[in-house]
Each structure stands twice: as structure tokens, then as C-alpha cells.
Amino acid sequence: MSQFLRALPKAELHVHLEGSVPAELAVKLAARNGTPLPTSDPARLYRTWAGLADFLVTYEAVCAAIVTPADMAEVAYEAQAQAARLGNVRYREIFFNPTNHPSMTYRQQLEAVLDGLASAETDFGIVGRLIPAINRSQPVSVANDLVREVIAHRRDEVLGIGLDHDDSVGPAPLFAEAFALAARNGLRRTAHAAEAHTPGQITDSLDVLGCDRIDHGYLALADAAITARLRDEGTHVTTCWGTCCAHNPGRSQADQPIVEMTAASLNISINSDDPPMLGTDLGSEFVAAGLAMGWTREQGIAMSLAALDGAWLDDSDRAALRRSFEAEIAAL
Ligand code: ADE
Ligand code: ZN
């Protein structure tokens with residue numbers, strides 16, 4: 001079963017570019033650019049995190065190590081190479097935090113990431129699309145400027161915007177103007193909400209920011225009305241098995257919030273969030289989730305296809321990708 005789950009073709013809707021830097025590469029970039037990391041020992045850089053805030057300190061340090069367009073392209077290429085090799089990932093919508101790299105303009109970053117993604121697509125057949133994400137710990141003016149830049153340098157590969165960082169800071173309504181601007185310009189919208197702190201961020205992300213997906217959402221379960229709403233509206237929730245377990249270390253695998261979300265008939269996909277930082281990859285996420293929930297082969301297949309339903313693809317591209325997934329699954 002583990003082999004089958006690893007071999008399934010996969011799509012991923014919740015993964016951070018800067019959280020996808022292998023430890024060795026992060027250490028190399030920091031040394032080359034003279035930026036500080038908590039340690040220069042790759043074996044100790046990505047450790048067990050004492051909560052989201054602790055994790056984000058290292059995440060931001062890794063962001064700061066990515067200084068030049070060449071760094072950005074290398075990170076994008078490596079992230080996709082790993083995903084294709086370790087999890088048979090075929091399609092990915094990837095967050096990145098442009099405002100965490102002040103040494104480059106948005107446009108420089110975009111071109112470099114697209115270069116890396118294109119090379120990886122050629123070499124490994126994995127497609128990458130982008131979601132520039134607002135860092136909610138930074139000022140609102142920074143978010144508004146970012147969305148203006150995204151609109152000024154519009155590319156088909158950029159599907160929408162996100163909102164990430166610690167959900168106990170930067171309440172969703174602060175970013176209403178940035179999200180409204182994105183909406184008026186045809187950008188899709190999603191937000192990290194109820195990951196580690198406040199279930200109410202889900203309602204605000206839907207009603208104030210106009211999101212059509214929610215990232216994480218584990219704490220929805222603390223509020224029956226929010227859970228019922230997500231179910232009744234069929235809102236796609238991009239869950240991440242390893243992140244969820246990291247936030248709930250006292251709970252057994254079979255008792256994780258994602259198990260309850262599935263039992264509550266929420267519309268979820270399984271994603272890897274920050275794979276090397278969490279010691280995971282999408283193949284391992286499928287294996288861990290599948291074993292914890294006792295998936296049959298059919299349930300594994302359904303989860304592989306669920307991400308396609310939540311993807312920000314147009315209907316003909318979605319249908320084409322689904323056909324290629326179904327053909328590959330039939331041959332497994
Ligand atoms: N940025 C990178 N990973 C994140 C996470 N799990 N939550 C919030 N922001 C993030
Ligand atoms: Zn995330």
C-alpha cells in the first residue's frame with residue numbers, strides 16, 4: 001500500500017517555495033551571500049519545531065539567504081526536482097513570499113522562478129504554477145504594493161494570491177484592500193487560516209477576503225458552525241499532514257484533526273507545506289495519512305484526484321490532467 005501511495009500521480013496546492021529548500025542548499029546559499037542561519041550544520045538546520053513561531057524564525061532566515069535571481073531559479077528547480085522524484089508530483093501551485101527578498105524586484109524574482117520551473121518541467125515533467133503570498137506579519141502597505149506589482153507584471157503562470165505566516169498575527173481583515181484589488185484584477189484568492197490559532201480567520205478569509213480555498217483550517221473543528229459551512233459550501237481546504245501532526249504532537253496519528261475533517265465530509269487535499277523543513281515529501285504525506293486513516297486503494301486514488309478538483313486550473317486543463325492521472329493510475 002505504501003508503494004502504491006507513493007507511486008500515485010499527485011497534484012499539490014499548498015507548498016511554499018522557500019520552505020522547499022534542501023538544508024544543504026540553504027547552508028550553501030547563506031554562506032555564499034553572507035546571511036545568518038541558526039546553524040550552518042545542514043543536519044541540524046531543520047529540527048523539531050517548538051510551534052509555528054519557532055518554525056517561522058528559520059523559515060525567514062532561509063528566505064533571507066535567497067538573494068539573487070540565480071538563487072531563486074536554483075531553489076525553484078530543486079524544489080520541483082525533489083517533488084517529482086520523491087512523490088511523483090505532476091502539478092503544483094507554489095506559494096512564494098516576494099517581500100521576504102528585498103534585494104530583488106518582484107519582476108526579477110518572478111522571471112527567475114519561472115526559469116527554474118521551466119527547466120524542471122523539461123527535465124522531470126512537473127508543472128509549476130505560482131501564488132505570490134502576502135506575509136501577514138509585515139505592514140499592510142507592503143501587501144498592497146505586492147498586489148500592485150503582481151498586477152503590473154501579470155503572467156499566466158501566476159494564478160492568484162495567498163496570505164501566510166503566523167495566523168495569530170495579521171488578522172485577515174487587515175488585508176481586505178489587497179485582496180479586493182486582486183479580485184478586481186481576476187486573481188484567485190486563498191489564505192492560511194485556523195492553522196494554529198484562531199478559527200474565526202476562516203470566516204474572515206471567506207467573507208472579507210473572498211477566498212475560494214482555505215489553507216490548513218484544522219481549528220475549524222473547534223467551531224461546529226464553521227465546520228458545517230465549509231462542508232455545505234464544499235470549500236476546498238488544503239491540509240498538510242506533517243504540519244497538522246506537528247501542531248498536535250499529543251494526539252495519535254488516527255486522532256489527528258485531518259482525520260476528523262475527513263469524517264466531517266470536508267473537501268480536502270493532502271499537501272506537504274514545507275517538505276524538507278518538516279522532513280517530508282508529498283509521497284510520505286500520502287503514506288502517513290493513508291496508513292493513519294486506513295485508506296483503501298480507491299481512497300488513495302480519490303485523494304490524488306481531489307487535488308485536481310481544488311486546483312485553480314481552467315476546465316479543459318483540469319480535464320486533460322485528470323485524463324493523464326487516470327491513465328497512469330490504471331497502469332499501476
Ligand atoms: N509559511 C511557510 N510555512 C507556513 C506555515 N505552515 N504556516 C504559515 N506560514 C507559513
Ligand atoms: Zn503553508
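Because the structure is predicted, anything quoted here is derived from the model rather than measured.

A.B. asks: What is the right way to look at the overall build of the protein chain in this model?
C.D. replies: Scanning the protein chain for helices and strands turns up 15 helices and eight strands. Dimensions of the protein chain, computed from C-alpha atoms along their principal axes, come out at roughly 50 × 45 × 40 Å. Per-residue burial over the protein chain gives 55% buried out of 332 residues. For the protein chain, restricting intrachain contacts to residue pairs at least 6 apart in sequence, the fraction spanning at least 24 positions comes to 74%. In the structure as shown, the protein chain presents an accessible area of about 12700 Å², 53% of it carried by carbon and sulfur atoms. Charge separation in the protein chain, taken as the distance between the mean sites of 26 positive and 43 negative side-chain charges, equals 3 Å.

A.B. asks: How should the packing of aromatic side chains be read in this particular structure?
C.D. replies: In total, this model carries five aromatic pairs according to the counting rule given. Judged by centre distance (6.3 Å) and plane angle (25°), the rings of F96 and Y106 are stacked. Highlighted residues: F96 in strand 2 (residues 89-96) and Y106 in helix 6 (residues 106-124), separated in sequence by 10 residues. F96 sits in the buried class, given a relative accessible area of 1%. Note on F286 and W295: the rings are 5.9 Å apart at their centroids and 75° apart in plane angle, and the pair reads as edge-to-face. Pair check on accessibility: F286 and W295 agree, each one buried. Cluster of aromatic residues (ring-pair linked, three or more members): W49, F55 and Y59.

A.B. asks: I'm lost on helix 10 (residues 224-233) in this one. Help?
C.D. replies: An α-helical turn contains 3.6 residues, so a residue and the one three or four places further along point in the same direction. For helix 10, the set of buried residues is I226, T227 and L230. Each buried residue of helix 10 lies within a common arc of 100° when the element is viewed along its axis, so the set occupies one face. Of the exposed residues in helix 10, those oriented more than 90 degrees away from the buried face are A224, A225 and D232. Along its buried surface, helix 10 packs onto helix 9 (200-207), strand 6 (213-216) and strand 7 (236-240). Among the residues of helix 10, the N-terminal cap falls to D223, whose side-chain oxygen and the backbone nitrogen of A225 are separated by 3.0 Å. Phi turns positive, to about 65°, at G234, one or two residues after helix 10.

A.B. asks: How should the site of ligand 1 be read in this particular structure?
C.D. replies: In the vicinity of ligand 1, the contacting residues are H16, L52, F55, L56, Y59, D164, H165, H192, E195, H216, D273 and D274. Here H16 contributes a side-chain N or O atom positioned 3.5 Å from a nitrogen atom of ligand 1. Between ligand 1 and H165 there is a distance of 2.9 Å, counted from a nitrogen atom to a backbone nitrogen or oxygen. Contact with the protein chains removes 99% of the 260 Å² of surface that ligand 1 exposes when unbound. Top element by residues in the shell around ligand 1 is helix 4 (residues 52-65). It accounts for four residues. A class-by-class count of the residues in the shell around ligand 1 yields four nonpolar, four polar and four charged.

A.B. asks: Help me understand the nonpolar core in this model?
C.D. replies: Nonpolar side chains in soluble globular proteins generally cluster together in the buried interior. Of all hydrophobic cores here, the largest spans 56 residues; its most connected members are L17, Y46, L130 and I134. By residue number, the principal contributor to this core is helix 4, which donates eight residues. Apart from residues no more than four positions distant in its own chain, L17 is found in contact with M72, V75, A76, A79, I94, F95, F96 and V113. Counting residues in hydrophobic clusters, the runner-up holds 54 residues, among them A133, I214, A264 and L305.

A.B. asks: Please explain the coordination of the zinc ion (ligand 2) as it appears in this structure.
C.D. replies: Ideal geometry at a metal centre gives angles of 109.5 degrees when four donors are arranged tetrahedrally and 90 or 180 degrees when six donors are arranged octahedrally. Only H14 (NE2), H16 (NE2), H192 (NE2) and D273 (OD) from the protein coordinate the zinc ion (ligand 2), and they sit 2.1 to 2.3 Å from it. Coordination at the zinc ion (ligand 2) comes from four donor atoms whose angles at the metal span 82 to 175°, giving a geometry best classed as irregular. Of note, the donors binding the zinc ion (ligand 2) are all from one chain and are spaced H-x1-H-x175-H-x80-D. We classify H16 as buried; its relative accessible area is 5%.

A.B. asks: Please explain the pattern of salt bridges as it appears in this structure.
C.D. replies: Following the criterion strictly, the structure yields 21 salt bridges and no others. For the salt bridge of R188 with D212, the shortest nitrogen-to-oxygen distance reads 2.9 Å. You can see R188 sitting in strand 5 (residues 188-193) and its partner D212 sitting in the loop between helix 9 and strand 6, a full 24 residues away along the chain. A residue is classified by how much of its surface remains accessible, and R188, at 35% relative accessible area, is partly exposed. Residues joined in a network through salt bridges with shared partners are K28, R32, D71 and E74.

Basis of the calculations
- Residues numbered from 1 in each chain as written.
- Chains lettered and ligands numbered in written order.
- Predicted model: local features only at pLDDT ≥ 70, side-chain atom pairs only at ≥ 80, totals over all residues.
- Heavy atoms only, no water.
- Helix = DSSP H or I, 4+ residues; strand = E, 2+ residues; numbered from the N terminus.
- Buried < 20%, exposed > 50% of the residue type's maximum accessible area, 1.4 Å probe, protein only.
- Contact = heavy atoms within 4.5 Å.
- Areas by Shrake-Rupley, 256 points an atom, 1.4 Å probe, with all protein chains shown as cover.
- Lys, Arg positive; Asp, Glu negative; His and termini not counted.
- Charge placed at Lys NZ, Arg CZ, Asp CG, Glu CD.
- Phe/Tyr/Trp six-rings, centres within 6.5 Å; stacked < 30°, edge-to-face > 60°.
- Arc of directions from axis to C-beta.
- Polar contact = N/O pair within 3.5 Å; in protein donor to acceptor, adjacent residues only side chain to side chain.
- Near = heavy atom within 4 Å.
- Nonpolar A, V, L, I, M, F, W, Y, C, P; charged D, E, K, R; others polar.
- Core = buried A, V, L, I, M, F, W, Y, C linked by side-chain atoms within 4.5 Å.
- Donors = N, O, S within 2.8 Å, 3.2 Å for Na, K, Ca; no water.
- Tetrahedral: all angles 85-135°; square planar, octahedral: opposite > 155°, others 65-115°.
- Salt bridge = Lys/Arg side-chain N within 4 Å of Asp/Glu carboxyl O.

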